[in-house]
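# Structural overview for review
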Amino acid sequence: MITLYGFSVSLYVRKVRLVLELKNLAYQHIMVPPSQDPEVLLKSPLGKIPYLTDNNFSISDSSVIVHYLDKKYAQNPVIPQEPHSLARAMWFDEYSDTKVSEIISGIFFERFGAPKFLGREPDEAIIKSKEMQFPVIFNYLEEQLEGKKFLVNECLTLADLSLASNFANFFNLGYEIDATQWPNLAKYTENLMNLDFIKKLIEQEKMEMESF
Ligand SMILES: N[C@@H](CCC(=O)N[C@@H](CS)C(=O)NCC(=O)O)C(=O)O
């Protein structure tokens, strides 16, 4: 039995859930926050979410979990085998987890996390400075998507799922991508968000967040 731990608002938790859903794997999802509790540290040594157990095996970190799942459950693979494609998929996963996350999910945290977890109002100056950086990531992705439906090999990979997880936060915040400036990125994100399993998970998350 697979059990995934971590609040669904986390983009890293969402990334793993997208892979579990794509692979049609049965799993239990336990909504927990990050924690330094010794019991948690046994499964997630940095105390971060997500972490996952598969029967008696436990592992943490979204990218590591996805690599594990892809190796163990081969259906609908998300990690390419060919070296250049593998490197490209890993690079975009890294780019999404760092640069894109720092900007988009940084704003999401200010808007929703700061009031909920830190008991303070969102800092509009922080939000503004992050919004000013949208063009940096948009320009890069626009160029990388030229003539492509997906980022690697014309098929859905971890690269796209990782970005979909961040862009779900972007759209949930009410932002839009200006298709006149970034036509490739606008079309790409629209296609991603309209994939059935992604749409279904985002809808499910909305219900989970209402009772959160
Ligand atoms: N590289 C990790 C990052 C996970 C992460 O930073 N999770 C956040 C929640 S979105 C967390 O647990 N933060 C608590 C902490 O940093 O102590 C992954 O991909 O899973």
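A quick note: this is a predicted structure, and the numbers were derived from the prediction, not measured.

Another aspect to go through is the sheet that holds strand S3 (residues 51–54). Within the open sheet, the 4 strands sit side by side as S2-S1-S3-S4. Their pairing is mixed. Every other strand in the sheet has two partners, leaving strand S2 (27–30) and strand S4 (57–60) as the edge strands with one partner each. Between one strand axis and the next, the sheet turns by 20 degrees as a mean value, whatever way the strands run. Across 4 bridges, strand S1 (residues 2–5) lies against S3 in antiparallel orientation. By the bridge assignment, Thr3 is partnered in S3 with Thr53. On the sheet, helix H1 (residues 11–22) packs against S1, S2 and S3 and is oriented at approximately 155 degrees with respect to S1.

Enumeration over the complete set of coordinates arrives at 17 aromatic pairs. An aromatic cluster of three or more residues is present, and its members are Phe134, Phe138, Phe167, Phe170, Phe171, Tyr175 and Trp182.

Burial of the side chains of S1 extends over both faces: Ile2 and Leu4 are buried on one face and Thr3 and Tyr5 on the other. Judged from the 4 bridges that link them, S1 and S2 form a sheet pairing that is parallel. Across the sheet, residue Leu4 finds its bridge partner in S2, namely His29. With H1 bridging S1 and the parallel S2, this β-α-β connection has right-handed handedness.

Of all hydrophobic cores here, the largest spans 63 residues; its most connected members are Leu69, Phe138, Leu161, Phe167 and Leu185. Mapping this core onto the domain boundaries places at least three of its residues in each of domain 1 (2–72) and domain 2 (83–210).

Empty space within the largest pocket amounts to approximately 850 Å³. Around the largest pocket sit 32 residues that line it, and Val9, Ser10, Leu11, Tyr12 and Ile49 are the ones nearest its centre. Counting residues per element, the lining of the largest pocket draws most heavily on helix H4 (residues 83–118), which supplies 13 residues. Tallied by class, the residues present in the lining of the largest pocket amount to 15 nonpolar, 11 polar and 6 charged. No fewer than three residues from each of domain 1 (2–72) and domain 2 (83–210) sit in the lining of the largest pocket.

Surveying the vicinity of the ligand reveals the residues Ser10, Tyr12, Pro34, Lys48, Ile49, Pro50, Asp61, Ser62 and Asp97. Taking 500 Å² as the accessible area of the ligand by itself, protein coverage stands at 67%. Counted by class, the shell around the ligand contains 4 nonpolar, 2 polar and 3 charged residues.

Here the focus is the domain arrangement of the chain. Taken domain by domain, the chain holds domain 1 (2–72) and domain 2 (83–210). A separation of 20 Å is found between the C-alpha centroids of domain 1 and domain 2. For the pairing of domain 1 and domain 2, the buried interface totals around 1800 Å² over both sides, and the portion due to carbon and sulfur atoms is 63%. On the domain 1 side of the contact with domain 2, Leu11, Arg14 and Leu18 bury the most area, a combined 34% of that side's loss. For the pair domain 1 and domain 2, the number of links is 5 salt bridges. With a closest N to O distance of 3.7 Å, Lys200 and Glu21 form a salt bridge. Counting the contacts that link domain 1 with domain 2 gives 12 residue pairs in polar contact (both at pLDDT 80 or more). Put simply, the parts of the chain that give the side of domain 1 that touches domain 2 at least two residues each are H1 and helix H3 (62–72). A total of 9 residues in the side of domain 1 that touches domain 2 trace back to one element, the largest contributor, which is H1.

Cut-off values and rules
Residues numbered from 1 in each chain as written. Predicted model: local features only at pLDDT ≥ 70, side-chain atom pairs only at ≥ 80, totals over all residues. Heavy atoms only, no water. Pairing = 2+ DSSP bridges. Helix = DSSP H or I, 4+ residues; strand = E, 2+ residues; numbered from the N terminus. Axes fitted to C-alpha atoms, helices over the stretch in contact; angles between N-to-C directions. Contact = heavy atoms within 4.5 Å. Phe/Tyr/Trp six-rings, centres within 6.5 Å; stacked < 30°, edge-to-face > 60°. Buried < 20%, exposed > 50% of the residue type's maximum accessible area, 1.4 Å probe, protein only. Right-handed = clockwise from strand over helix to strand, strands pointing away. Core = buried A, V, L, I, M, F, W, Y, C linked by side-chain atoms within 4.5 Å. Domains from an automatic or database assignment. 1 Å grid on protein atoms, 1.4 Å probe; cavity = no way out; pocket = protein on both sides within 12 Å on 5 of 7 lines; lining within 4 Å. Points joined across faces, edges and corners; volume = space filled by probe spheres on them. Nonpolar A, V, L, I, M, F, W, Y, C, P; charged D, E, K, R; others polar. Near = heavy atom within 4 Å. Areas by Shrake-Rupley, 256 points an atom, 1.4 Å probe, with all protein chains shown as cover. Buried area = accessible area lost by both parts, 1.4 Å probe. Salt bridge = Lys/Arg side-chain N within 4 Å of Asp/Glu carboxyl O. Polar contact = N/O pair within 3.5 Å; in protein donor to acceptor, adjacent residues only side chain to side chain.

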